[in-house]
Each structure stands twice: as C-alpha cells, then as structure tokens.
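Structural features, examined
Here's the letter readout for the chains.
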Amino acid sequence: MTVVYEDNHIIIVNKTASEIVQGDKTGDTPLSETVKQYLKEKYRKPGNVFIGVTHRLDRPVSGLVVFAKTSKALTRLNGMFRDSEVRKTYWAVVKNRPYEPEGELVNYLVRNEKQNKSYAYDKEVPGSKKAVLHYRLIAKSQNYYLLEIDLKTGRHHQIRCQLAKMGCPIKGDLKYGSPRSNPDGSICLHARFVRFVHPVSRELIEVEAPVPAGTPWNGFEMIG
C-alpha cells in the first residue's frame, strides 16, 4: 500500500491487488492492520491506534481505500457511503470492445454467498438488488480496451458482474468469464478516483491513484 492522502480524521491509501481490506478466513494481515502499524510508527503512538473501515475493495482489485482515523469521521463516512455521497470512479481493462462507447448498465443482482459470486438479471427477480453503473470507453491498446466506470450503487462484485453480463469480462477475472488469470492473481480493475466532502472540515477531497506498473496498464492510447 501507498498513502496518497492523510489528515487528522482520514487516511486514503492505494492498495495493491494482493491485499485484503479486512481480516478473513485466510488469516492474512488485513490492510486495516497495516495502516494501524504505519500510524503507530509514524506518530510513535503507544497502545492502540484507531482505524475504521468505511468500505471494501475486493482482494484482487487495486486502488483507493478510505479509512477513518477518528470515530466521528467513521460514523459520518459510513453514512456518506451508504447514501452514495462518495463518488468512486474505476478503471477496468477488458478484452472485448463494448457495443456502445458509452452507456448506463442497469441490472438486478443476486448474490450467492456459497460461491461468493453475483448473478445479473435484466429484470427484478426474488432476492435481487438493483445495480446501476455508467461506463465510458476511454483508451485502447493493441489487445485491450480501457473503460472508466462510475458506480451509482454499491453491490457485491457489481462492476465485475455487470461488465461480464455486457460481454466484457475484466482481464484476469476467471470467476466472471475471463479465459485466463493474471500471473499475480489480480484482476485488471482499479479504484482510480475518489471524491467527497470531508466528513469533518467540509472541504472537497479529490484523490487519484496511479495505476499498477507494467502491462497491460502501460500500453494504452487515450481515445478522443
């Protein structure tokens, strides 16, 4: 991880694709603990350091994660994420060109807990939740296309599932139809921008995360 923004109330980091945001059954050290350790050492803090998890990012996904450093910020940020007041923009690398260069995807997602996977439907079905995103084709390389995605809702595996339903599975995402995995186990989905009003100071915060180094991220030419 790399710290990209920090003040008294929040810290925003650029996570690598292998890091988990919160502890799970693997027992691997979560990002929340890594951030705690970073703050402990930076400020030479004895005892416990407070870090609040405000949202998730799937393990194989890279990019921006916002943490709260105070309970006041955590309560407010939780509400802001719940009410879609935090604007998150992602970049996704896909093999197939979308039919339309820009569009809105509206599907109904059903989460299967056992498989840790979501399924997309065109119409409402029992147990489904409405999922909305806007995508735009922004760049191309010899073999791939780069899509910019604005999330309107925050559903389980939403981008992965909806892009696959559109016929554009994300590079490396075997679970959602990519033919091959990436050597490092990542998928080519990156939380690129985050924008919100600071929960305490009320200033506008806008942060951008550099994309992962190397292919396929480095070979793109912007369109238009």
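See the structure shown above.
Residues numbered from 1 in each chain as written. Predicted model: local features only at pLDDT ≥ 70, side-chain atom pairs only at ≥ 80, totals over all residues. Heavy atoms only, no water.

Bringing the packing of aromatic side chains into the picture now. Inspection of every chain in the model, using the stated rule, returns one aromatic pair. The positively charged end of Lys117 is found above the aromatic ring belonging to Tyr176, 5.5 Å away from the centroid. The ring of Trp91 has Arg192 lying over it, and the distance from NZ or CZ to the ring centre is 4.1 Å. (Phe/Tyr/Trp six-rings, centres within 6.5 Å; stacked < 30°, edge-to-face > 60°. Lys NZ or Arg CZ within 6 Å of the ring centre and 35° of its normal.)

With that settled, the discussion passes to helix α1 (residues 31-42). Its twelve residues give α1 an end-to-end C-alpha distance of 16 Å, which sits within 8% of 16 Å, the value for a rise of 1.5 Å per residue. Of the residues making up α1, those classed as buried are Leu31, Ser32, Val35 and Leu39. Relative to the axis of α1, the buried residues are bounded by an arc of 105 degrees and lie together on one face. Structurally, α1 contributes buried residues whose contacts are with β1 (2-6), β2 (10-15), β3 (52-53) and β4 (62-68). (Helix = DSSP H or I, 4+ residues; strand = E, 2+ residues; numbered from the N terminus. Expected span 1.5 Å × (residues − 1). Buried < 20%, exposed > 50% of the residue type's maximum accessible area, 1.4 Å probe, protein only. Arc of directions from axis to C-beta. Contact = heavy atoms within 4.5 Å.)

This part covers the pairing of β4. Along β4, seven of the seven residues are buried, which leaves the element largely enclosed by surrounding structure. Of the pairings in the sheet, the one linking β2 to β4 comprises six bridges and is antiparallel in character. Considered in β4, the bridge of Asn14 is made with Leu64. Two elements, β3 and β4, share two bridges in a ladder whose sense is antiparallel. Bridging from a neighbouring strand, Val53 pairs with Phe67 of β4. (Pairing = 2+ DSSP bridges.)

Moving on, we come to the pairing of β1. With four bridges connecting them, β1 and β2 associate as antiparallel partners. Bridge pairing in β2 links Glu6 to Ile11. Hairpin remark: β1 followed by β2, antiparallel, with three residues in the connecting loop.

Judged by how many residues are buried, helix α3 (residues 158-165) sits mostly within the fold: six of eight residues are covered. Turning to α3, its buried residues number three or more, namely Gln158, Ile159, Arg160, Cys161, Gln162 and Leu163. Lining the buried residues of α3 we find β5 (87-94), β6 (102-112), β7 (117-121), β8 (129-140), β9 (145-151) and β10 (189-197). With its phi angle positive at about 95 degrees, Gly167 sits one or two positions after the end of α3.

Next up on the list: the pattern of salt bridges. Tallied over the full model, the rule gives 14 salt bridges. The closest approach of N and O atoms between Glu33 and Lys36, which form a salt bridge, is 3.5 Å. With Glu33 and Lys36 both in helix α1 and three residues apart, this pair spans about one turn of that helix. Judged by its relative accessible area of 37%, Glu33 falls in the partly exposed class. On the accessibility criterion, Lys36 (22% relative accessible area) is partly exposed. In this structure, Arg160 engages Asp58 in a salt bridge whose closest nitrogen and oxygen atoms are separated by 3.1 Å. Highlighted residues: Arg160 in helix α3 and Asp58 in the loop between β3 and β4, separated in sequence by 102 residues. Note on Arg160: relative accessible area 7%, which makes it buried. Here Asp58 falls in the partly exposed class, since its relative accessible area comes to 25%. Connected via shared salt-bridge partners are Glu6, Lys42 and Lys69. (Salt bridge = Lys/Arg side-chain N within 4 Å of Asp/Glu carboxyl O.)

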